[in-house]
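Examination of the molecular architecture
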Amino acid sequence: MPDEGARRVRWILCLWPGLPQLWLAGAWSGLALAVGFASLLDLLLLTTLLWTEWVEPAFRFAGWTAVTVLWSVSIVTGWRWSSERLHQRRTSREQDLFPRALGEYLRGNWYEAEAACKNMLRRVPGDVQARLLLAGLLRRTRRWPEAHEQLAALKKLEASAAWEFEIADEEQRLSDAREQTTVEVGEGAEMVEPAAMLPAA
């Protein structure tokens, strides 16, 4: 599984101080920490295994205690830092999807716009902009029951309070579109089948 593999890589990176910052962000601070930790560990190994007469046992004990504490703290902080970094990347990718969805919508590429909207909603079900855009798209393609469902779901979100005007406007547009089509059908105009407008998702 890709997620399990990614978690395993993150754990491996976090086992060495500074490596997550160096590997994931190319940070000089990560390089400095990794090199500093390696130098301290090498020095302690040399004075513990080879040149035991150089350092008093008490100093060696203090050095190993410092290394253990630094290593333990770096695992926790490295994991938290990498989690925040990956969250920021996911958020950035999600934000990039909306301009793409809007661009496809404005060009009349309904299928691509719908796919982008649904992708955003899979990641963030409470995305008001994506759901509102999807409702407008469904209205434009005459899939009115689905558009109504999206608007109903939209009004249940807490964040929708700031979008009351836009939601009300979309509801009015949906109502007008349905009424207009009813008049056209009543006058003998040919109604376009919704299924012909957009491939099924």
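Predicted model, so just to flag it, every value in this text is computed and none were measured.

The rules behind each value
- Residues numbered from 1 in each chain as written.
- Predicted model: local features only at pLDDT ≥ 70, side-chain atom pairs only at ≥ 80, totals over all residues.
- Heavy atoms only, no water.
- Helix = DSSP H or I, 4+ residues; strand = E, 2+ residues; numbered from the N terminus.
- Buried < 20%, exposed > 50% of the residue type's maximum accessible area, 1.4 Å probe, protein only.
- Lys, Arg positive; Asp, Glu negative; His and termini not counted.
- Salt bridge = Lys/Arg side-chain N within 4 Å of Asp/Glu carboxyl O.
- Polar contact = N/O pair within 3.5 Å; in protein donor to acceptor, adjacent residues only side chain to side chain.
- Contact = heavy atoms within 4.5 Å.
- Core = buried A, V, L, I, M, F, W, Y, C linked by side-chain atoms within 4.5 Å.
- Expected span 1.5 Å × (residues − 1).

1. Remarks on the side chain of R131
By secondary structure assignment, the location of R131 is in helix 6 (residues 128-140). Buried charge without a salt bridge: R131, with D127 as the nearest opposite-charge side chain at an N-O distance of 8.1 Å. A polar contact is formed between the side chain of R131 and the side chain of Q150, at a distance of 2.7 Å. Once you skip the residues sitting within four places of it in the chain, R131 turns out to touch L121, P125, Q150, A153, L154 and L157.

2. Considerations on the pattern of salt bridges
On inspection of all chains with the given rule, the structure shows 7 salt bridges. With a closest N to O distance of 3.5 Å, E104 and R107 form a salt bridge. Between E146 and R143 there is a salt bridge whose closest N-O contact spans 3.1 Å. Where salt bridges share partners, they join E114, K118, R143 and E146 into one cluster.

3. Remarks on the nonpolar core
The biggest cluster of nonpolar side chains holds 24 residues, and the ones touching the most others in it are A101, Y105, C117, M120, L133, L151 and L154. The set of elements that each furnish at least two residues to this core consists of helix 4 (57-106), helix 5 (110-123), helix 6, helix 7 (144-155) and helix 8 (164-186). Looking at which element gives the most residues to this core, the answer is helix 6, with 8 residues. Other than its neighbours up to four places away in sequence, L151 contacts L132, A135, I167, E170, E171 and L174.

4. What to know about helix 6
An ideal rise of 1.5 Å per residue puts 18 Å on 13 residues; helix 6 measures up with 18 Å between its terminal C-alpha atoms. Counting buried positions along helix 6 yields 11 of 13 residues, so the element is predominantly enclosed. Considered for burial, the residues of helix 6 that qualify are V128, A130, R131, L132, L133, L134, A135, G136, L137, L138 and R139. Looking at where helix 6 begins, the residue whose side-chain oxygen comes 3.2 Å from the main-chain nitrogen of Q129 is D127. Phi turns positive, to about 60°, at R142, one or two residues after helix 6.

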